[in-house]
Amino acid sequence: MQPDLNQLLTAIILLDDQLTIGYLNTAAEALLDGSLRRFYGQPFLDLFHFSSLDSFALQQAIRDQQTISDRDVTMVLHDGRRITVEYTAQPLAGDGEQPSMLLELRQTDQLARIHQETSQQHQLHAAQSMVRGLAHEIKNPLGGLRGAAQLLASELPDAELREYTDLIIRQADRLSALVDRMLGSNQIQQQAPANIHELLEHVVQVVSLGNQQPLQWVKDYDPSLPSLTTAAGPLEQVLLNLVVNACDALRESQTDNPTVTLKTRVAHQQTLYGKRYRQCAVIVVQDNGPGIADEIRDTLFYPMVSGRAKGTGLGLSIAQNIVHQHGGKIEVESEPGLTEFRVYLPYIETRVDGPEPDKLKGNTL
């Protein structure tokens, strides 16, 4: 009985001596986001915007009939998706047949992504616990302080002296509002279908009006992206926080040719916090600034952590909480010259791991 390569979970690719694709199994089609019919006869490395795979080593292995392997190979597809794989390349040579190679790819960044999701969840829970405890310790004394200032103001005969009690009251209210912002809302607002691109355009308009520096906008929207059932106001705040952070980083670093790129995509068969969804909306906010400092990268979503001199450290913490309430997640990759935040928002009604209704209501592709 011949083995069915389409049953394998690893990607199998058959290449000729010019590294041209002759066969892909189902796992390879999923990994490369394309069918055999589409990729047949194309040079394998032309599928990528960047690849650390050594083409010379592959061709040398075919000529010398030697098996080679490597790990932590980075590949960036033309849609910007970055994958990390380990591979084994085994030459094939039958009698009278053209030399070829069987390339086996195993994606290794899945475990890293699961670790990142788990770390984000721990950060979120730790931050919420810390803020709740901090809020209790701050708001109770603030309430007493404000009340005492009000009583004192009512007893003061001189109106000029009331300026000082009014100052105490205003500062107490400001601190109380700051704590409320840190806490955020435990319940998401009413949801309704919203156009993601309209929200992004609102954000661009708001930021452009308040931004004094020359800035280039690159908009790479997927027109097939359907409306998403969401709380539009909080989600717009998430996008505004990410875009403002990008603009501030570009301004403070005085980056040459400052550019903010906004992209939307549809991700298929995406797993978020252990739940698998058929489709997710992916919103990308990218800048060409200096990148995120190493010392804050692991605690980026904690409250009061900021890489900017005048930052409050609340924006990303609040954004993460809002996205988490939508069942989504935020990923970040950063290096000098490129910082990218990706917001994943699932189309809840099409989730795989539950009974499917007879008729899906909205959020379908």
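Computed from a prediction, not measured in an experiment: that's the story for all the values here.

## Things to note about the overall build of the protein chain
Each helix and strand in the protein chain was counted, giving nine helices and 13 strands. Residue burial in the protein chain is summarised as follows: out of 365 residues, 38% are buried. The long-range fraction of contacts in the protein chain, counting pairs at least 24 apart against all pairs at least 6 apart in sequence, stands at 61%.

## Regarding the side chain of Thr84
One can find Thr84 in strand β5 (residues 82–92). Thr84 sits in the buried class, given a relative accessible area of 19%. Aside from chain neighbours lying at most four places away, what touches Thr84 is Asp72, Val73, Thr74, Arg106, Gln107, Thr108 and Asp109.

## What to know about the sheet that holds strand β10 (residues 259–272)
Overall, mixed pairing links the five strands, which are arranged β8-β10-β11-β13-β12 in an open sheet. Of all strands in the sheet, those bounded by a partner on one side alone are β8 (216–220) and β12 (329–335). The average undirected angle you get between the axes of adjacent strands in this sheet is 20°. For β12 and strand β13 (residues 338–346), the ladder comprises seven bridges, and the chain directions are antiparallel. Of the residues in β13, the one forming a bridge with Val332 is Phe341.

## A few points about helix α3 (residues 55–64)
Among the residues of α3, Leu58, Ala61 and Ile62 are the ones counted as buried. The buried residues of α3 occupy one face: seen down the axis, they fall within an arc of 100°. Exposed residues on α3 whose side chains face more than 90 degrees from its buried face are Phe56 and Arg63. Its buried side turned inward, α3 meets β1 (11–16), β4 (68–77), β5 and β6 (100–107). With a side-chain oxygen positioned 3.1 Å from the backbone nitrogen of Phe56, the residue opening α3 is Asp54. Downstream of α3 by one or two residues, Gln65 has phi in the positive range, about 55°.

## With respect to a negative patch on the surface
Together, Asp158, Glu160, Glu163 and Asp166 make up a region of like negative charge exposed at the surface. Within the secondary structure, Glu160 sits in the loop between α4 (109–155) and α5 (162–183).

## Quick word on unusual backbone geometry
For Leu19, which is not a glycine, the phi torsion comes out positive at approximately 60°. In this fold, Leu19 is placed in the loop between β1 and β2 (21–24). Positive phi, close to 50°, is recorded for Asn257, a residue that is not glycine. Considering the arrangement of structural elements, one finds Asn257 in the loop between α7 (232–253) and β10. Residue Asn257 is classed as exposed on the basis of its relative accessible area, which comes to 52%.

## Here we look at the packing of aromatic side chains
If you walk through the whole model with that rule in mind, you get one aromatic pair. With a centroid separation of 5.3 Å and 80° between ring planes, the pair formed by Phe44 and Phe48 is classed as edge-to-face. Judged by its relative accessible area of 6%, Phe48 is buried. One residue, Lys329, lies across the ring of Tyr344, its end atom 5.1 Å from the ring centre.

## Digging into the pairing of β10
Burial of β10 is extensive: 10 of the 14 residues sit out of reach of the surface. With five bridges joining them, β8 and β10 adopt parallel strand pairing. When the bridges of β10 are listed, Gln216 appears paired with Thr259. Bridging between β10 and strand β11 (residues 275–287) involves 12 bridges; their strand directions are antiparallel.

## A look at the sheet that holds β5
Either a parallel or an antiparallel arrangement is found when strands of a sheet pair, and the pairing is made through backbone hydrogen bonds. The strand order β2-β1-β6-β5-β4-β3 describes an open sheet built from six strands, whose pairing is antiparallel. Edge strands, defined here as strands with exactly one partner in the open sheet, are β2 and β3 (48–51). Pairs of neighbouring strands in the sheet enclose a mean axial angle of 30°, with direction left out of account.

## Things to note about the confidence of the model for the protein chain
Mean pLDDT over the protein chain stands at 81; residues scoring 70 or higher make up 81%. No element of the protein chain has a lower mean pLDDT than helix α8 (residues 294–297), which averages 74, and none a higher one than β8, which averages 94. Contacts of residues 350–365 to residues separated by more than four positions or lying in other chains number 29 contacts, the stretch itself having pLDDT below 50.

## Things to note about the packing of helix α6 (residues 196–210) against α7
Interaxial distance between α6 and α7 falls to 9 Å at its minimum, and their mutual angle equals 45°. Comparing the axis directions of α6 and α7 gives the class oblique. In this structure, α6 meets α7 at a crossing whose hand is right-handed. Across the interface between the two elements, Ile196, Leu199, Leu200, His202, Val203, Val206 and Val207 of α6 pack against Ala232, Leu235, Glu236, Leu239, Leu240, Val243, Val244 and Cys247 of α7. Class assignment for the residues of the contact of α6 with α7 results in 13 nonpolar, one polar and one charged.

Reading guide: rules and limits
- Residues numbered from 1 in each chain as written.
- Predicted model: local features only at pLDDT ≥ 70, side-chain atom pairs only at ≥ 80, totals over all residues.
- Heavy atoms only, no water.
- Helix = DSSP H or I, 4+ residues; strand = E, 2+ residues; numbered from the N terminus.
- Buried < 20%, exposed > 50% of the residue type's maximum accessible area, 1.4 Å probe, protein only.
- Contact = heavy atoms within 4.5 Å.
- Pairing = 2+ DSSP bridges.
- Axes fitted to C-alpha atoms, helices over the stretch in contact; angles between N-to-C directions.
- Arc of directions from axis to C-beta.
- Polar contact = N/O pair within 3.5 Å; in protein donor to acceptor, adjacent residues only side chain to side chain.
- Patch = residues over 30% accessible without salt bridge, like charges linked within 9 Å, V, L, I, M, F, W, Y side chains within 5 Å.
- Areas by Shrake-Rupley, 256 points an atom, 1.4 Å probe, with all protein chains shown as cover.
- Salt bridge = Lys/Arg side-chain N within 4 Å of Asp/Glu carboxyl O.
- Lys, Arg positive; Asp, Glu negative; His and termini not counted.
- Charge placed at Lys NZ, Arg CZ, Asp CG, Glu CD.
- Phe/Tyr/Trp six-rings, centres within 6.5 Å; stacked < 30°, edge-to-face > 60°.
- Lys NZ or Arg CZ within 6 Å of the ring centre and 35° of its normal.
- pLDDT = per-residue confidence, 0-100.
- Parallel < 35°, antiparallel > 145°, perpendicular 65-115°, else oblique.
- Left-handed = near helix turned anticlockwise from the far one by under 90°.
- Nonpolar A, V, L, I, M, F, W, Y, C, P; charged D, E, K, R; others polar.

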